[in-house]
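Coordinates in review
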Amino acid sequence: MECTYARLVICIKPVKSSLMGKNSNNLEDEFRINPYELKILKEIIALKKISKLPFILTCVSMGTKSSESVLRRALAMGADEAVLISDSSFAGSDTVATSYILSKAIQKLENVKFIICGSRSIDGETGQVPAALSERIRYALYTEVTKICSFNENNVVFLKDDENKKVLHKGELPAVISYNGFQINDETVSLMALKRAKKKEIFIMDKDDLNIDVSRCGMTGSKTKVSEVRSSFTKISGEQFFGISDETAHFLTDILRGVHHD
Amino acid sequence: MISNNSILVVCGLNVNSDEHTMQIISKASELSHQTKKQVLLAVAGNYDELRFRAFTDCGADCIIFWEYTKSIGIMKYSSFISAVIREYSPEIVLFPATESIKSVAAIISSCFEAGLTADCIDIICDEDNKFHFYRAAVSNSVIAKIVGINSSLSMGTVKEGEFKKKTYSKNDENDNFQIMFYHMNTDEIDKDYLDDIVDIKYREKVEEKTNINNYSIVFCIGRGAEESQTIEKIYRLAEAYNACVVGTKAVIDDNILDKAFQVGQSGKSISPSIYIGLGVSGANQHIVGMKNSQLIIAVNHDADAPIMKYADYAIIDDVNVFLDKMLDMLVSYQSE
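As the structure is a prediction and not an experimental result, all values here were calculated from the model.

Digging into the confidence of the model for chain A
With 90% of its residues at a pLDDT of at least 70, chain A reaches an overall mean of 87. Across chain A, strand β5 (residues 81–85) of chain A holds the top mean pLDDT of 97, while strand β9 (residues 165–172) of chain A sits lowest at 82.

Dropping the structure here:
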């Protein structure tokens, strides 16, 4: 996709609404924006408004057609364009395959200066994609970023957690940022904004658009495979007490005080 | 001599994570006894014989050392680890899951197209000498057994506290200390932009983060103990026993405790002497973070809560009743 302005891409992972727990207020959608990306998306949109920098904010998601609602929401919040990477051959991709597919999409989008990913998703929890992606497209990688303060065509200034202190850094672009911060609650967007977002086009990219090697995608391209699942942990030796009697309380207090019974 | 198909352990970036590295070496060593594979350790930094000896005492057969006195960032370290993998062709690579080393692991996985399992809770070797990684799957509450496919290299990251550090007494002190000095061609390190990043301003955080791994007694708040009165009682009891108060993901999500105190898959793994779960139901994602505790006490009014099956002592009662009783007991002890 041609673009005269520099692009800033936020990679949004669609996560199942059911994982968002009791804070969900938008239950009709099957997927939601991963909380890490939700927070940074909000911050970047605010930053874009203040700075008036001429760049295009593109949100990219990978998933089935039903994850379109996630991108629709991102558009309503203020993103300029949305791209859904979707192909049946991409299903079941692990982090190796996912980072390959994403790298192909980034190459397809022109003039991408800056990519932001949440440091992890609340469903996969691997936290591997940002670094794996940066390696594939040979961009710089900045991790543990807790705030993006400003940026221009060449640099980005950001706060980074470094053990017990926060350090303000300036790094060169192009770069991939792994952002560590999250918010559970959805942003309220106005009905008007949602309506406008519905009129916008969501660009779909499939395996042909990306000119991709299918053998490196999905289950076939993955380098890990779940061979077995175990339902839960159990320990047989445990002892049960129904109600807390004086005797039990005594016994536990002794344990806590380091006086062990045999 | 170093043979191929060894187990490579990647050392943490700084000395602070040595305990963590040693836990992983101990696990690797256990696997090596079973498979007769060598355990290699890749270290970069300053030469420190005492430090290296501590690593070999845990079971590292050989240390591959790159002497580099300047500061090392993610990119430089990744270049070094890539070079080591190319040179020695290990069969599996294990990384400590610290923030920076996690990125190193992901970069290496892209470089070598190798499978990477995040936050393994166990690693086993089957009868065909194939390695399997266990990890908690978040979305559907199961433990997944993961195997590397389509690649000769498989890798995993391991959280701190997942495995126990073991030291082995050696009969002959000099016999097992092997160190290979690795000479990195500095031209290979073209990707050092991250490491030369400019720090423009420092801001110290006001409060020092408590390390929940430093406590031998831990009280864990679950969603069943979120009321402020209950929490106040928990803190009183915890203070009396010099215990740390931690929480499950639900409690962190509800803003009751800081993220640094979260135990479980998306938080920290702990292995205290005593763990007391209060109103914790015991989803798998939480159990993986505390399963290595020496003694597990669970208090919940629901006898069917999953944690009850995993506790050494399961107390089926209201959390508040339990706390009141324990506080009373404390008073009577203190007045003795």
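Past the structure itself, the notes keep going.
Things to note about the pairing of strand β8 (residues 155–162) of chain A
Residue and element names in this part refer to chain A. Of the pairings in the sheet, the one linking strand β7 (residues 140–151) to β8 comprises 5 bridges and is antiparallel in character. Counted as the bridge partner of Ile148 is Phe158 from β8. Pairing analysis gives 8 bridges linking β8 to β9, with the strands arranged antiparallel. Bridge pairing in β9 links Asn155 to Glu172.

Considering helix α3 (residues 95–108) of chain A
Residue and element names in this part refer to chain A. Across its 14 residues, α3 extends 20 Å between first and last C-alpha, which sits within 8% of the 20 Å expected from 1.5 Å per residue. Among the 14 residues in α3, 12 count as buried, and that is most of the element. Turning to α3, its buried residues number three or more, namely Thr95, Val96, Ala97, Thr98, Ser99, Tyr100, Ile101, Leu102, Ser103, Lys104, Ala105 and Ile106.

Concerning the sheet that holds strand β12 (residues 224–230) of chain A
With antiparallel pairing, 4 strands are arranged side by side in an open sheet as β12(A)-β8(B)-β7(B)-β6(B). With partners counted over all chains shown, the strands left at the sheet margins are β12 of chain A together with β6 (122–125) of chain B, one partner each. Each neighbouring strand pair of the sheet contributes to a mean axis angle of 30 degrees, computed without reference to strand direction. With 6 bridges joining them, strand β7 (residues 131–137) of chain B and strand β8 (residues 142–148) of chain B adopt antiparallel strand pairing.

Things to note about the sheet that holds strand β14 (residues 274–278) of chain B
If you walk across this open sheet you meet the 6 strands as β13(A)-β16(B)-β15(B)-β14(B)-β12(B)-β13(B), and the pairing is parallel. At either margin of the open sheet sits one strand with a lone partner, and together these are β13 (239–242) of chain A together with β13 (244–247) of chain B. Geometrically, the sheet is characterised by an average inter-axis angle of 20 degrees between neighbouring strands, direction not taken into account. Strands in contact with helix α5 (residues 228–240) of chain B are β12 (217–221), β13 and β14 of chain B; relative to β12(B), the strand with the most contacts, it is inclined by about 180 degrees.

Quick word on the domain arrangement of chain B
When the parts of a complex come together, some accessible area is lost, and that lost area is often taken as the interface size. Residues and elements named next belong to chain B. Taken domain by domain, chain B holds domain 1 (7–188) and domain 2 (212–334). Centre-to-centre separation of domain 1 and domain 2, based on C-alpha positions: 32 Å. Residue-level contacts link 11 residues of domain 1 with 10 residues of domain 2.

Brief notes about the interface of chain B and chain A
Contacts between the two partners involve 68 residues from chain B, matched on the other side by 59 residues from chain A. Top element by residues in the side of chain B that touches chain A is helix α4 (residues 99–112) of chain B. It accounts for 8 residues. Considered class by class, the residues forming the side of chain B that touches chain A number 38 nonpolar, 13 polar and 17 charged. With 6 bridges connecting them, β12(A) and β8(B) associate as antiparallel partners. Counted as the bridge partner of A:Glu228 is B:Lys145 from β8(B).

Thresholds, definitions, all that
- Residues numbered from 1 in each chain as written.
- Chains lettered and ligands numbered in written order.
- Predicted model: local features only at pLDDT ≥ 70, side-chain atom pairs only at ≥ 80, totals over all residues.
- pLDDT = per-residue confidence, 0-100.
- Helix = DSSP H or I, 4+ residues; strand = E, 2+ residues; numbered from the N terminus.
- Pairing = 2+ DSSP bridges.
- Expected span 1.5 Å × (residues − 1).
- Buried ≥ 20, exposed ≤ 12 C-beta atoms within 10 Å, placed from the backbone.
- Axes fitted to C-alpha atoms, helices over the stretch in contact; angles between N-to-C directions.
- Contact = placed C-beta atoms within 7 Å.
- Domains from an automatic or database assignment.
- Nonpolar A, V, L, I, M, F, W, Y, C, P; charged D, E, K, R; others polar.

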